[in-house]
Structures are given as structure tokens and as C-alpha cells.
Amino acid sequence: MSIGDRVQLREAAEHVLSEDSFKMAAIQMKESLRSSGGYHQAVDEIFDFN
């Protein structure tokens, strides 16, 4: 990864972490995943798909 890419990645991360809208969306996603069984359920669904 080049220095320019690292700078761009850091700037993007800082932007996301500073915006309340991103925080609220992450909280909603967390609640949705938990209410649907979490990652354990997701893994089970993936294995059952075959």
C-alpha cells in the first residue's frame, strides 16, 4: 500500500468516525444482525445453503 493510499484510507476512516449518520447506520445494522440471530445464524445459513 502506497503512502498516498494510507493517507486516503486514514482520511476516509476519520470522516466515517466523525459523522453521526454513519454511527446511527452502524447501530441500526448491529441491531438488525442481532435480532436475526447474529453471525452464528449467518454462518449456519451459509452452510445450509449447499
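Residues numbered from 1 in each chain as written. Predicted model: local features only at pLDDT ≥ 70, side-chain atom pairs only at ≥ 80, totals over all residues. Heavy atoms only, no water.

Novice: Could you give an account of the overall build of the protein chain, naming the residues involved and the relevant values?
Specialist: When helices and strands are tallied, the protein chain shows three helices and zero strands. From first element to last, N terminus to C terminus, the protein chain shows the α and β order α-α-α. The C-alpha radius of gyration of the protein chain comes to 16 Å, more than 25% above the 10 Å expected for a compact globule of 50 residues. Projected onto the principal axes, the alpha-carbon positions of the protein chain cover approximately 45 × 30 × 10 Å. Looking at the protein chain residue by residue over its 50 residues, the buried ones come to 0%. Just so you have it, the protein chain exposes about 4,900 Å², and 59% of that area is on carbon and sulfur atoms. In the protein chain, 5 positive and 9 negative side-chain charges are present, and the distance between their average locations comes to 9 Å. (Helix = DSSP H or I, 4+ residues; strand = E, 2+ residues; numbered from the N terminus. Rg over C-alpha atoms; globule rule 2.2 N^0.38 Å. Buried < 20%, exposed > 50% of the residue type's maximum accessible area, 1.4 Å probe, protein only. Areas by Shrake-Rupley, 256 points an atom, 1.4 Å probe, with all protein chains shown as cover. Lys, Arg positive; Asp, Glu negative; His and termini not counted. Charge placed at Lys NZ, Arg CZ, Asp CG, Glu CD.)

Novice: Can you explain helix H3 (residues 38–49)? Please cite residues and give values.
Specialist: Between its first and last C-alpha atoms H3 spans 17 Å; for 12 residues at 1.5 Å apiece the expected length is 16 Å, and the two agree. When you tally the buried positions in H3, you get zero out of 12 residues, a small fraction of the element. (Expected span 1.5 Å × (residues − 1).)

Geometric descriptors of this kind do not, in isolation, establish any biological role.
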